[in-house]
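Letter by letter, the chains look like this.
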Amino acid sequence: MTTNQHDDLPAQVATDAAGIRLAMDQASAVRNTTAPNPWVGAVVASVEGRVVACGATEPPGGRHAEIVALDAAGEASRGATLYVTLEPCAHHGRTPPCTDAIVRAGIQRVVIGVTDPDQQVGGRGVQALRTAGIDVVIGVEAEAVALQLRSYLHHRTTGRPYVYCKVATSLDGGTAAVDGSSQWITGQESRTDGHRLRAASGAIVVGAGTVRIDDPSLTVRHVEGPDPQRIVLGSAAADAKVQPCIEWDGSLEDLLDDLGRRGVLQVLVEGGATVIRSFLDARLVDRMVVYMAPSLFFGSEAHPFVAGPSARSMDRLWHGRFERVDRLGADIRIEMVPDHQCSTPNEAKPKSPSKRESEV
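Residues numbered from 1 in each chain as written. Predicted model: local features only at pLDDT ≥ 70, side-chain atom pairs only at ≥ 80, totals over all residues. Heavy atoms only, no water.

**Observations concerning the overall build of the chain**
Now for step 1: Looking only at helices and strands, one finds 10 helices and 16 strands in the chain.
Now for step 2: When the 360 residues of the chain are sorted by exposure, 50% land in the buried category.
Now for step 3: A fraction of 74% describes how many contacts in the chain between residues 6 or more apart in sequence connect residues 24 or more apart.
Now for step 4: Summed over its atoms, the accessible surface of the chain is roughly 16800 Å², and 50% of this surface lies on carbon and sulfur atoms. (Helix = DSSP H or I, 4+ residues; strand = E, 2+ residues; numbered from the N terminus. Buried < 20%, exposed > 50% of the residue type's maximum accessible area, 1.4 Å probe, protein only. Contact = heavy atoms within 4.5 Å. Areas by Shrake-Rupley, 256 points an atom, 1.4 Å probe, with all protein chains shown as cover.)

**Thoughts on the packing of helix 2 (residues 65–73) against helix 3 (residues 98–105)**
The description of two packed helices rests on the angle between their axes and on the distance between the axes.
Now for step 1: Put simply, helix 2 and helix 3 touch, their axes get as near as 9 Å, and they point 20° apart. Relative to helix 3, the element helix 2 lies roughly parallel. Here the hand of the crossing between helix 2 and helix 3 comes out left-handed. Touching Glu 66, Ile 67 and Leu 70 of helix 2 are Cys 98, Ala 101, Ile 102 and Ala 105, all from helix 3.
Now for step 2: Each residue belonging to the contact of helix 2 with helix 3 can be placed in one class, and the counts come to six nonpolar, no polar and one charged. (Axes fitted to C-alpha atoms, helices over the stretch in contact; angles between N-to-C directions. Parallel < 35°, antiparallel > 145°, perpendicular 65-115°, else oblique. Left-handed = near helix turned anticlockwise from the far one by under 90°. Nonpolar A, V, L, I, M, F, W, Y, C, P; charged D, E, K, R; others polar.)

**Remarks on the side chain of Lys 166**
Now for step 1: Looking at the secondary structure, you find Lys 166 in strand 6 (residues 162–169).
Now for step 2: In this structure the side chain of Lys 166 is engaged in a polar contact, spanning 3.4 Å, whose partner is the side chain of Glu 270.
Now for step 3: Apart from residues lying up to four places away in sequence, Lys 166 is in contact with Gly 194, Leu 197, Leu 268, Val 269, Glu 270, Val 289 and Tyr 291. (Polar contact = N/O pair within 3.5 Å; in protein donor to acceptor, adjacent residues only side chain to side chain.)

**A look at the packing of helix 3 against helix 4 (residues 124–131)**
Now for step 1: Relative orientation of the contacting elements helix 3 and helix 4 amounts to 25°, with a least axis distance of 10 Å. With respect to helix 4, the axis of helix 3 lies roughly parallel. Regarding helix 3 and helix 4, the two cross each other, and that crossing is right-handed. Across from Thr 99, Ile 102 and Val 103 in helix 3, the residues of helix 4 making contact are Gly 125, Ala 128 and Leu 129.
Now for step 2: For the contact of helix 3 with helix 4, a count of residues per class yields four nonpolar, two polar and no charged.

**Re helix 10 (residues 273–281)**
Now for step 1: For helix 10, a buried count of seven out of nine residues is recorded, marking the element as mostly surrounded by other parts of the structure.
Now for step 2: Residues of helix 10 that are buried sit in contact with strand 6, strand 8 (203–207), strand 9 (229–233), helix 9 (252–261), strand 11 (266–269) and strand 12 (287–292).
Now for step 3: Looking one or two places after helix 10, you find Arg 283, whose phi comes out positive at around 55°.

**Comments concerning the nonpolar core**
Now for step 1: Counting residues in each nonpolar core, the largest one holds 49 residues, and the members touching the most others are Val 44, Ile 102, Ile 107 and Val 110.
Now for step 2: Not counting residues up to four positions away in its chain, the partners in contact with Val 44 are Arg 50, Val 51, Val 52, Ala 53, Ala 69, Leu 70, Ala 73, Ser 77, Ala 80, Thr 81, Leu 82 and Ile 107. (Core = buried A, V, L, I, M, F, W, Y, C linked by side-chain atoms within 4.5 Å.)

**Details of the confidence of the model for the chain**
Now for step 1: Per-residue pLDDT for the chain averages 88, and the proportion of residues at 70 or more is 89%.
Now for step 2: Ignoring residues within four places in sequence, the model shows residues 1–6, a span with pLDDT below 50, making 17 contacts including any to other chains.
Now for step 3: Low pLDDT, under 50, characterises residues 348–360; the stretch is placed with 35 contacts to residues that sit more than four places away or in other chains. (pLDDT = per-residue confidence, 0-100.)

**Here we look at a nonpolar patch on the surface**
Now for step 1: A cluster of nonpolar side chains, namely Leu 171, Leu 296 and Phe 298, defines an oily patch on the protein surface of about 360 Å² accessible area.
Now for step 2: Here Leu 296 is to be found in the loop between strand 12 and strand 13 (303–304).
Now for step 3: On the basis of relative accessible area, Leu 296 is assigned to the partly exposed category, the value being 48%. (Patch = residues over 30% accessible without salt bridge, like charges linked within 9 Å, V, L, I, M, F, W, Y side chains within 5 Å. Salt bridge = Lys/Arg side-chain N within 4 Å of Asp/Glu carboxyl O.)

Okay, here's the thing in structure tokens:
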């Protein structure tokens, strides 16, 4: 997807921060189409701050955001400022170096949100631009850009995908009734948002029990976006809706390493309770998204969203921090980031049998 100047774009960017925020808007529009490349936005503005052109990263094999914006700007790039959310590349990959194109275009100044931790970039883009005599400013709106690119930055830093854990619960923490029924605890707005999270994830993980009981398809509905790669911890029947899928019998750590090597930037864990507990015990969850409905199961017989033994004392509580709380229809959406220094009530790690992977 590319974006040139439209009527709904501001005519001017008054500050560097405004330029980066506009570039972030371009990036958000291509969030689900660029992996394993980052979703980047770029803006070309004249010396007076007039918006000349905008661009965003195209699907793999296509142009990077900087090139889309420069191509749209043409000769108006000379003497202009380029705002880009991520450091431009200086190496040959699927496409030539963006830094070469920036220099040829006559850009005078480049404002960057965050540097790229990819080992092929890692400051080389900034160095190449400065060597060519271009004024480079780094770190404008860095916190917001890092949040937008968190899955990509995490992958390039650790080699593993960023792990989201998603659950839908009642106010008293239940995910299913005694008879096993669970549809629907939350409202349509929450379910739509959950599918938006699926569409942004390269892979989705569930346990064999969930497949056996619920027979989910794990595809993207309610929103536009690609279906994630489906992974079952254990085995799935040949006629299960989740097929074709990857069946995994190895450790969770090995699974994340394998997905990272495949270029998967983000993984969504959708349960059930035993799978969620396994990821939490292994301290592999980077962010939890909880959709909480204004309803009660009453009592303790409802299925919880985390299985296993509870904390026996207050000093054994598992902690994190709330980063965002939103209202979705009648529900509440909570994002929590775990404190990975915390221990869980049961320190036993998930067993790690020999790896068996099969694509059916």
